[in-house]
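# Analysis of the macromolecular model
Now for the letters of each chain:
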Amino acid sequence: MPNDVFGSLDPRGPVAAEMADVWWFMFGLGLVVFILFAVLLVSGLFRDKGSDRGMGSSSHRWIVGGGVVLPVVVVTVVFGVTLAAMRILPVGGSGDAVVVDVIGHQWWWEVHYPDHDVTTANEIHMPVGRPVELRLSSADVIHSFWVPSLGGKLDLLPDRVNTMEFSADEPGEYRGVCAEFCGTQHAKMGFLAVAESPAEFEAWLATQSQQAAEPVGEVAARGREVFSEVGCADCHTIEGTDAVGTTGPDLTHLATRETLAAATLPNTPEHLADWVGDPQEIKEGVNMPDLPIGEEDMAALLAYLEGLE
Amino acid sequence: MSDRTPGHVPYADTPTVEAPSTDVELDRLWDDPPGLWGRLRAVQNDAVGRRLILTGFFFLLLGGTVDSVVMRLQLAVPDNDLVGPQLYNELFTNHGSVTMFLVILPIFEGFAILLLPLLLGTREMPFPRLGAFAYFTFLLGGLLYYSSTLFSAVPDAGWFGYTPLSGPEFSPDLALDFWVLGLGVAEVGAIAAAIEIIIGVLKMRAPGMTLARMPLFAWAVLVMAFMILFAFTPLIVGSLLLELDRGFDTQFFNPGAGGSSLLWQHLFWIFGHPEVYIQFLPATGIVSMVLPVFVRRRIVGYTWLVAAMVAVGFLSFGLWAHHMFSVGLSPIVLSFFSAASMVIAIPAGVQIFAWLATIWEGRPVWKTPFLFVVGFLALFVLGGITGVMVASVPFDLQAHDSYFVVGHLHYVLIGGVAFPMFAGVYYWLPKFTGRLLNERLGKWNFWLLFIGVNVTFFPMHIVGLMGMPRRIYTYPAGLGWETYNLISTIGVFIIVGGFVVFVTNVVHTHFRGAPAGHNPWGGDTLEWAVSSPPLQHSYSVPPIVHGRHPLWDQKDLHGGDLDDERLVHALSEWPLRWRAALITGTSDADPEEVFRVAGPSIWPLVAALGTVAIFAAELLKLRLGALAGALVIVVAVIGWNWPEDAAITEEEELAFEERHRIPVRVGGSLALARWGTGLLILFLGIAFTSFLLAYFYLRLENLDWPPPGISLPAPGAAVVAGALVLAGAVSMYRALHGIKADDQRRLRVGLAVAAALGGIGVAVQALEVTGVVFDSQTHAYGSIFHVMGWFCLMVAVAGIVMALMTLYWAVRGRYTARRHVPVANVALYWAALAVIWVIGFATLYLTPLLT
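## Quick word on the domain arrangement of chain B
Here chain B is described as being made up of domain 1 (368-512) and domain 2 (693-850). Taking the mean C-alpha position of each, domain 1 of chain B and domain 2 of chain B sit 50 Å from one another.

Right, dumping it as structure tokens:
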């Protein structure tokens, strides 16, 4: 499972690091402001009034000093830091960036590598240290792309392409989520950003650009037939077969993926069986229906799917 | 004098209002009629205000408390299956919608309507029937919204209802129609109450209460009411467009047909951000009232506080896009909205330091209202600091739509708004019940809420930074979120404990609260000079005010300028058969008119039923029902404004006028009518501007405008129609000049010509719009063309109806050189309609030529 636990404050890439720096700076400044306020409030409430008859004209100096000058100074500094950080943050278009098209669906992520003719889902592989240019759009409603430990959010809109760029400093699997409410299963619309060494990344691309593995053995071969017979192929594509549906994720290399159902379950044979057997139980409201599949056919289907390396 | 200076205010040793022998008679005159039928006709500000507050509190228990407990239970542990995704989505949609539309706003409008006459030293609000209408629309809208549960079609697209998720394709059932239409009715009520509040504050104050002497709560609700007008109107326009997409197949928000997915977000947040300050400003108004009384010092920096509130009002309209930092705006736009969002820290800082300075000058008296004020200061400053943080774009891209924002907004809305609300209830409830709330329970109430809010919402900041997004019904184990979520869930039960103690305290007080007396807190403002509870009309002898703290600085509340003194005393003796109240100058508060306040009436309820019928008809797709609803409204408005029996002779009236040199308006106030017309025009202007914004936004989003295959309609007929309408407006002004010179003939001819020219113009333009070759359902261009065209036509039709009604009364000889305010009002309306018409059709026919 993802090794990243402490989200946006545990940055693993330059973009998230810059954002975390802005946070820690503002946190320090905010703490100072709050302590200043708290001291003034508490001492005002509990000071010994004795014969003191108020502050006379100095009270207006409070308002000018504390109410105008202090916020102006704080806000100017914070805005300066904001602008400086915005200047540093990449907006996309770096020469050597890996281009990735991400298309949001209710409730999964379609992922293309246009320069390599690779299509996958719910998993973005990236070489460590090299920027990734993400071109984001949506096939239906508005979604938002967020990998806290690599960078901030950007929305996926149905009527335009938004571009952002990030990179990872070290190998790892970084959890990403949809951050804009997008309907019933918004909660289970996750993905993984997998940062790996350039060599591993190239190897991965090589695997992914191949056609689907031929089923090994009779059972798996029967599974490929079941895939078409029961209707899986209406929604899913498996390259090299007659399954060319596009409403659901491309399954050509399903077995190479870390997770199932948009980062809802680890991709193990047991979970695959659960998921295919009863998707509505695992992800209530998902567009994948519970299909009536006999026990034998199901075993064949699973055998086939597990072989899609 | 010196013994009354603050710091030495002895409890209850403050002046009270005179209690003349007519108290009882006036009290009976002003009372609402008894029985159920009487209650349905009740219009008194205390009835309307109390109903708004109680209904708002009821919705708070339903949507604020029950929902949040279930949601927190679901999130207490990972992978929980207490509730499924659908129910959870319905719960958070309901929680946001109810608290933002049906709780805080009506409660503060209720506070305003209940308190303003007392605070301002007058007997009523200016339009009691409008107040009753506002309440019924709010109630019926809330019920219409909630009735979705009966039809198992509960809204589930969030309180923000982003398109296209909320559009016809992705939310095809009725759930979102309940949301748009139910809340739409409630929004109508909010605007009605806002108009009532604006005019009440500006025109109905005690003699001598200049703007600069107004209690700060009155300033706060004045700014709030203007903001409601400017913010809710674009929302109503946006909701109309969304409902047209859903019910009439227009394409405003459909990217596939020229619409824009982001147009809704702009229209929504132009409302949605000011909405936060609409809720926050009255809360600061309460703090500015309560705090000085409990530290026994005058508020420091009154002028600064007023300036800060006005500044917040303006600024809040310039920062809506900070809710949209992640939609892909350009860096320039991001920087602008980031800066604008941070600048609002300055007026907030002014307020905080004015309160701190006041505390430093005074000596705290630790009663419950003051505890809530101190709690407010601590929580609000925390929420304000995180507010500046999320205004910083790079950080917000991480924090946005995460639990960090959930934590931030609840610090602001509970700490910054609910705490002052509790302060206000503990402070003012004794005035209306005559009994003090229990202090012991009050302290429990405070500490449970204060601890509960921190336990619930502080951990959300951390878990948000750890990457937990909002609006998820469950989350996997192993991400390190478990502990924080469990703590938040425990916290919500502490908050519920605080609510239980509060309700217990109110009930307990009802039966055995200690008597409050006139002025239990040693307050400085007028409401503490009347009995608790007050008489129905509050003041038999209206007070005369000489400063900001009349009860601390004046020994006598009815002394002053001799004319004023005689006038306020005369009002306790005459009239005793109709409800009279004073209109005073907008800034100087000099008496201007004695007018007859409208009495109990069933028509506001009927009009509200008509309004809800229109919305319900759209919901049920019974479009004829909408026509029936409109008819009901027309009948109700006629009944509503039907002249009441004069109840006095003209001689009586003239004698009073002569003695006090002040006009007596038994038929209703002319000054109020003028203000009402002005605000109506303002409302139409804001709505029209919202349409223009939608038009140009769609145009910018489309490369081809009009889209390929459609040619721009030729402007010939539109030019003719525009010329006719302009000529009508000119004729209307000729009529006005005619009656000013007492020329009845010119008046009638002018009105008739205006109505005729306008009518022909409308007919020509209506034929032209219905005759264009493109429809409203194929492309967003056609949608906005038709809808904006029909908006302008409807505005003109209303003007023609007004012209004809004026003509009817003109023929009957009702207007004179001195009394013709309706003519002037209609002429003003025609000037506005001509401007809207010309800009509107020039936009539709001519601007596409400029590329």
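## Quick notes on the sheet that holds strand E5 (residues 664-665) of chain B
All names here are of chain B. Spatially, three strands are ordered E3-E4-E5 in an open sheet, and the strand pairing comes out mixed. Each edge of the sheet is formed by a strand with only one pairing partner; in this case those strands are strand E3 (580-584) and E5. As judged from the two bridges shared by strand E4 (residues 591-596) and E5, these two strands associate in the parallel manner. In the strand pairing of E5, Phe595 is matched with Arg665. Most of the contacts of helix H18 (residues 562-573) go to E4, to which it runs at about 10°, and overall it touches E3 and E4.

## Topic: the environment of B:Thr847
Residue and element names in this part refer to chain B. Assignment of secondary structure puts Thr847 in the segment after helix H26 (821-845). In this structure the C-alpha to C-alpha distance between Thr847 and Phe696, which are 151 residues apart in sequence, comes to 9.7 Å. Excluding residues that lie within four positions of it along the chain, Thr847 makes contacts with Tyr695, Phe696, Arg699 and Ala842. A polar atom in the side chain of Thr847 sits 2.5 Å from the backbone oxygen of Thr843.

## Concerning the interface of chain A and chain B
Each side of the interface is counted separately: chain A has 79 residues, and chain B has 88 residues. If you sort the residues of chain A by the area they bury against chain B, A:Ile63, A:Lys153 and A:Phe181 come out on top, with a joint share of 10%. Our enumeration of links across chain A and chain B arrives at one salt bridge. Those elements that place two or more of their residues in the side of chain A that touches chain B are helix H1 (14-46), helix H2 (58-88), strand E6 (143-146), strand E7 (154-156) and strand E9 (172-178) of chain A. For the side of chain A that touches chain B, the element with the most residues is H2(A), which contributes 18 residues.

## Description of helix H6 (residues 269-277) of chain A
Residue and element names in this part refer to chain A. When we look at burial in H6, the residues that qualify are Leu272, Trp275 and Val276. Looking straight down H6, one finds that the buried residues subtend no more than 90° of arc, so they occupy a single side. Close packing links the buried residues of H6 with strand E11 (259-260), strand E12 (265-266), helix H7 (279-282) and helix H8 (295-306).

## Things to note about the nonpolar core
Counting residues in each nonpolar core, the largest one holds 346 residues, and the members touching the most others are A:Phe145, B:Phe111 and B:Phe232. When residues no more than four places from it in sequence are discounted, the contact partners of B:Phe111 are B:Ile53, B:Leu116, B:Phe217, B:Ile286, B:Met421, B:Gly424, B:Val425 and B:Trp428. In terms of nonpolar packing, the next biggest core, distinct from the first, is built from 24 residues, A:Ala233, A:Ile282, A:Ile293 and A:Met298 among them.

## Comments concerning the side chain of B:Thr611
All names here are of chain B. Inspection of the secondary structure puts Thr611 in helix H19 (residues 603-619). We classify Thr611 as buried; its relative accessible area is 8%. Not counting the four nearest positions on each side in its chain, Thr611 is found in contact with Phe133, Thr137 and Ile633.

## Some thoughts on the confidence of the model for chain B
Mean pLDDT for chain B: 93, with 98% of residues reaching 70 or above. Two summary scores accompany this predicted model of the complex, namely pTM at 0.95 and ipTM at 0.96.

## Describing the packing of helix H4 (residues 85-120) of chain B against helix H14 (residues 403-433) of chain B
Residue and element names in this part refer to chain B. As a packed pair, H4 and H14 sit with axes 12 Å apart at the nearest point and diverge in direction by 35°. Taken as a pair, H4 and H14 cross one another with a handedness that is left-handed. For the pair H4 and H14, the contacting residues are Tyr88, His95, Met100, Ile104, Ile107, Phe108, Phe111, Leu114, Leu115 and Leu118 in the first and Tyr403, His410, Leu413, Val417, Met421, Gly424, Val425, Trp428, Lys431 and Phe432 in the second. Tallied by class, the residues present in the contact of H4 with H14 amount to 16 nonpolar, three polar and one charged.

## Concerning the domain arrangement of chain A
Accessible area lost upon the coming together of the parts serves often as the stated size of an interface. Residues and elements named next belong to chain A. What the domain assignment lists for chain A is domain 1 (1-198) and domain 2 (218-306). Centre-to-centre, using C-alpha coordinates, domain 1 lies 35 Å away from domain 2. Across the boundary between the two partners, domain 1 contributes 18 residues, which contact 19 residues of domain 2. Of the roughly 1500 Å² buried where domain 1 meets domain 2, counting both sides, 54% is carbon and sulfur surface. Along the contact surface separating domain 1 from domain 2 lie zero salt bridges.

## A closer look at empty space enclosed by the protein
Rolled over the atoms, a probe as big as a water molecule pinpoints where empty space is left. All names here are of chain B. One pass over the structure, following the stated rule, counts seven cavities of 30 Å³ or more. If you trace the largest cavity, you find 13 residues lining it, with Ser288, Met289, Ile299, Asp524 and His549 closest to the centre. In terms of residues, the lining of the largest cavity owes the most to one element, helix H8 (residues 263-295), which gives four residues. Here the residues of the lining of the largest cavity sort into eight nonpolar, three polar and two charged.

## As for the pattern of salt bridges
Under the definition given, this model contains 20 salt bridges over all chains. Of the charged contacts in the structure, one is a salt bridge between B:Arg246 and B:Asp177, with a shortest N-O distance of 3.0 Å. Residue B:Arg246 is located in helix H7 (residues 216-248), and its partner B:Asp177 is located in helix H6 (residues 175-203); the two are separated by 69 residues in the primary sequence. The buried category is assigned to B:Arg246, whose relative accessible area is 11%. The class for B:Asp177 is buried, based on a relative accessible area of 3%. The residue B:Lys621 makes a salt bridge to B:Glu243 at a minimum N-O spacing of 3.8 Å. Of this pair, B:Lys621 sits in the loop between H19 and helix H20 (623-640) while B:Glu243 sits in helix H7, placing them 378 residues apart in sequence. One network of salt bridges, in which partners are shared, links A:Arg222, A:Glu225, A:Glu229 and A:Asp297.

## Some remarks on the side chain of A:His125
All names here are of chain A. Examined against the element boundaries, His125 turns out to sit in strand E4 (residues 123-127). Within the structure, His125 has its side chain in polar contact with the side chain of Glu196 (distance 2.8 Å). Excluding residues that lie within four positions of it along the chain, His125 makes contacts with Tyr113, Val194, Glu196, Phe201 and Trp204.

Definitions and limits used
- Residues numbered from 1 in each chain as written.
- Chains lettered and ligands numbered in written order.
- Predicted model: local features only at pLDDT ≥ 70, side-chain atom pairs only at ≥ 80, totals over all residues.
- Heavy atoms only, no water.
- Domains from an automatic or database assignment.
- Pairing = 2+ DSSP bridges.
- Helix = DSSP H or I, 4+ residues; strand = E, 2+ residues; numbered from the N terminus.
- Contact = heavy atoms within 4.5 Å.
- Axes fitted to C-alpha atoms, helices over the stretch in contact; angles between N-to-C directions.
- Polar contact = N/O pair within 3.5 Å; in protein donor to acceptor, adjacent residues only side chain to side chain.
- Buried area = accessible area lost by both parts, 1.4 Å probe.
- Salt bridge = Lys/Arg side-chain N within 4 Å of Asp/Glu carboxyl O.
- Buried < 20%, exposed > 50% of the residue type's maximum accessible area, 1.4 Å probe, protein only.
- Arc of directions from axis to C-beta.
- Core = buried A, V, L, I, M, F, W, Y, C linked by side-chain atoms within 4.5 Å.
- pLDDT = per-residue confidence, 0-100.
- Left-handed = near helix turned anticlockwise from the far one by under 90°.
- Nonpolar A, V, L, I, M, F, W, Y, C, P; charged D, E, K, R; others polar.
- 1 Å grid on protein atoms, 1.4 Å probe; cavity = no way out; pocket = protein on both sides within 12 Å on 5 of 7 lines; lining within 4 Å.
- Points joined across faces, edges and corners; volume = space filled by probe spheres on them.

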